[in-house]
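Okay, here's what each chain looks like letter by letter:
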Amino acid sequence: MRRGVAALAIALLALAGGTVVSTATAAPQSAPTSTAPASNATASTTTAADTGTAGNATATTPPTVNVSVNGESVSDGEFRVLRDETTAVLRARIEADSGRSLDTVLVQVGDEIVVDPDDPGDSVTINRTLPIGAGNNTIRVVAEDDQDQLTSTRFLLYLERVPPAMDLETPVDTVPDPYQYENVVTNRTLTNWSGRFRDLTGFRDATVSFAHPGSGDVYRTFSVGPDPSFDKEVLLRYGRTDVRVVSTDTLGNRHITTFTTRVIDERGPSIDLGIDETPLESPWYNVSAAVSDNVWVQNVSVDVLYLGRTPYQEYGRHYEPVERERYRHSGERRSVSFEQGVRLLTGRNIVSVTAVDHLGQETVRTFEVDYYPERERPPAVSFLRNATRIEGNESAFVSAVVTDANSDLRRVIVEVENLDRRQLTDVESYRLDNESTFLFERSLDIAPGVSEVQITAIDGERNLTTEHLYIDTRAGRQTQDPPPGYEDVANDTDDGTVDPSLPDGPTTATPDRPTTDAPMTEGTPEGDGTATADGSEGGTDSGEAATATPSGGPAAGGGGLLAGLTSLPVLAALAVVLVGGGYYVWIKLTRV
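(A) Structural view of the overall build of the protein chain. Each helix and strand in the protein chain was counted, giving three helices and 36 strands. Residues counted as buried form 46% of the 592 residues belonging to the protein chain. Taking as baseline every contact in the protein chain between residues at least 6 positions apart, the subset at least 24 positions apart corresponds to 66%.

(B) Here's a closer look at the nonpolar core. The biggest cluster of nonpolar side chains holds 27 residues, and the ones touching the most others in it are L90, I94, V107, L130 and F155. Those residues in contact with I94, other than ones at most four positions away along the chain, are T64, V65, L102, V105, D122, S123, V124, I126, V141 and A143.

(C) A look at the packing of aromatic side chains. For the coordinates displayed, the defined rule picks out eleven aromatic pairs. Here the aromatic rings of F197 and F203 are separated by 5.1 Å at their centres, their planes lie at 10°, and the arrangement is stacked. Pair check on accessibility: F197 and F203 agree, each one buried. For the pair Y285 and F367, a centre-to-centre distance of 6.2 Å together with 50° between the ring planes defines the contact as tilted. One end of the pair, Y285, is in strand β19 (residues 284-292); the other, F367, is in strand β24 (residues 362-371), with 82 residues separating them in the sequence. Note on Y285: relative accessible area 3%, which makes it buried. Judged by its relative accessible area of 11%, F367 is buried.

(D) Highlighting the side chain of N294. With respect to the helices and strands, the residue N294 is situated in the loop between β19 and β20 (297-306). N294 gets classed as buried once you look at its relative accessible area, which sits at 9%. Here R188 takes part through its side chain, which lies 3.2 Å from a polar atom of the side chain of N294. Those residues in contact with N294 that lie beyond four places of it in its chain are N187, R188, T189, R267 and R334.

(E) Fine view of the sheet that holds strand β18 (residues 270-274). Ordered in space as β18-β19-β22, the three strands form an open sheet in which the pairing is antiparallel. Each end of this open sheet is capped by a strand with a single partner; those strands are β18 and β22 (335-343). Here the average twist between neighbouring strands, direction ignored, is 25°. In the sheet, β19 pairs with β22 via nine bridges, with the strands oriented antiparallel. By the bridge assignment, A290 is partnered in β22 with S337.

Conventions and cut-offs
- Every chain is numbered independently, its residues counted from 1 as its sequence is written.
- At least 70 in pLDDT is required for a residue's local features to be given in this predicted model, at least 80 for side-chain atom pairs to be given and counted, and no such filter applies to totals for whole chains, interfaces and linings, which use all residues.
- Values shown for side chains rest on all heavy atoms present in the structure; no hydrogens or waters enter the calculation.
- For helices the rule is a DSSP run of H or I covering at least 4 residues; for strands it is a run of E covering at least 2, with both sets numbered from the N terminus onward.
- Each residue is assigned to one of three classes by its accessible area relative to the maximum for its type, calculated with a 1.4 Å probe on protein chains only: buried under 20%, partly exposed between the two thresholds, exposed over 50%.
- Residue contacts are defined here by distance: any two heavy atoms, one from each residue, within 4.5 Å place the two residues in contact.
- Residues belong to one nonpolar core when they are buried, are Ala, Val, Leu, Ile, Met, Phe, Trp, Tyr or Cys, and are joined through side-chain atoms within 4.5 Å.
- Geometry of aromatic contacts follows a simple scheme: Phe, Tyr and Trp rings, the Trp one being its six-membered ring, pair when their centres are within 6.5 Å, and the pair is stacked under 30 degrees between planes, edge-to-face over 60, tilted otherwise.
- Between N or O atoms, a polar contact is any pair within 3.5 Å; within protein, one atom must be a potential hydrogen donor and the other a potential acceptor, and residues adjacent in sequence are included only when both atoms are from side chains.
- Only when DSSP finds a minimum of two bridges between them are two strands counted as paired.
- Only C-alpha atoms enter the line fits that serve as axes; for helices the fit covers just the stretch in contact. Angles between N-to-C directions range over 0 to 180 degrees.

In short, shape yes, function no, at least from these values alone.
Right, dumping it as structure tokens:
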């Protein structure tokens, strides 16, 4: 009968709004809901009407109920979310009023009664793990004593079984369903991945990994947590990459999703030129640029063309400041910078910078540079002493470089004279066509003792430069200044035999002597200018002929200089080079 009364009391409470029927479990993506109990069930103790002897009503006290879940007290009508545990351990202490006993004690989860002791006595303690499920769970604890006094405590527990979801902001926005991702397409390998993870109970951690397709080899990974927001820079591999996201919340709910990213490059490199507008004092110009690409800069080249003439192919006019290198998964070739010195010609020059990416897509930037130098600057002659060497008493390998800032070299003449014998042992002449640089590397004939090597350079404006090198076979060394004891002899050499005021022109020899008319090519010697005593030509057999002048007769172009030699007991051999109608004369004296 007591249990029937308790059941009837529970039914009456339900009709009065003091109880809550079991709540349906929420869908996995649903947020938890809370239903507040009716006002007459908010107190921690809900009692039935007091009863007593007619005319002698006495106050009664219903049973007391104290409830906790997982060690934390729970009050009637409370809504609680389980954030760190997936189980709910109920502890309840129920006591009847003094002098009374408990008739009924019930613990109900939803529609299921999970605790119903047979003989609770005047007090009972309950320890029980509640069989809760995902979503909302309605828990009720009911106690009734032997005087039909009833107490009911009801509360809601929410257990989440939904894993975290990732809201991706870059490189693309997340689609409405955060558990399904479309493939990500981007035009660059260096990408920014930002967003946040959402979870109701609490986000714990996540791992995002990037792998080569097919092989599964992970080449980049970043972790998130405990802060659910993230902002990471990732260097993707060109082409396709498989992305895997593993996220976990504080309840251990775990979610794994995969999708694909693809890098598609449809644009060539960009070039940022650093144009120097400082007035030029020399033909050397510094080209600088910063080149960048979304994936990879394969190579960069610089070309210089001369406006107003057909494009010339002179060496050094095409440059490769950034050499070709094939693509690999690296960020080092996404941007490159360079400085490249180029040589200009007089007038307007077109400089072009060409950048090529890993797919062969080209970008070309061009600009113009005007160079109008001072025309009176003479050429420069420099002996390369480290490369020059003595090869014996009768030969020396001489290396020298001749430059002209105006790119207007016309002629280079090399003379070798033995200062001990006052004998010219070698002469070579080179015609040039507006060159900027001439490299001389050749073995020259010398004689034992001290020999003077003289190189003369002439430009198109008749500017002339002469430099000397002294070779001492006895000491086995070379010097820029004459050795001791040879100062007067060296200073007595005739540096004025080449007249720069004479116009350039074809090379001829004295008309009354046999000559060798072999064709002369650019950059090749015109002859060594030596002759034998009988008038026949010696030395080299190509280029300009050298003639012998008999004693007592002036050589053409020699004038009084040769007339003074007629009384000397010598055989005069003349090396004659004509420049623009005038004669350059070298005299080789051999004692009889």
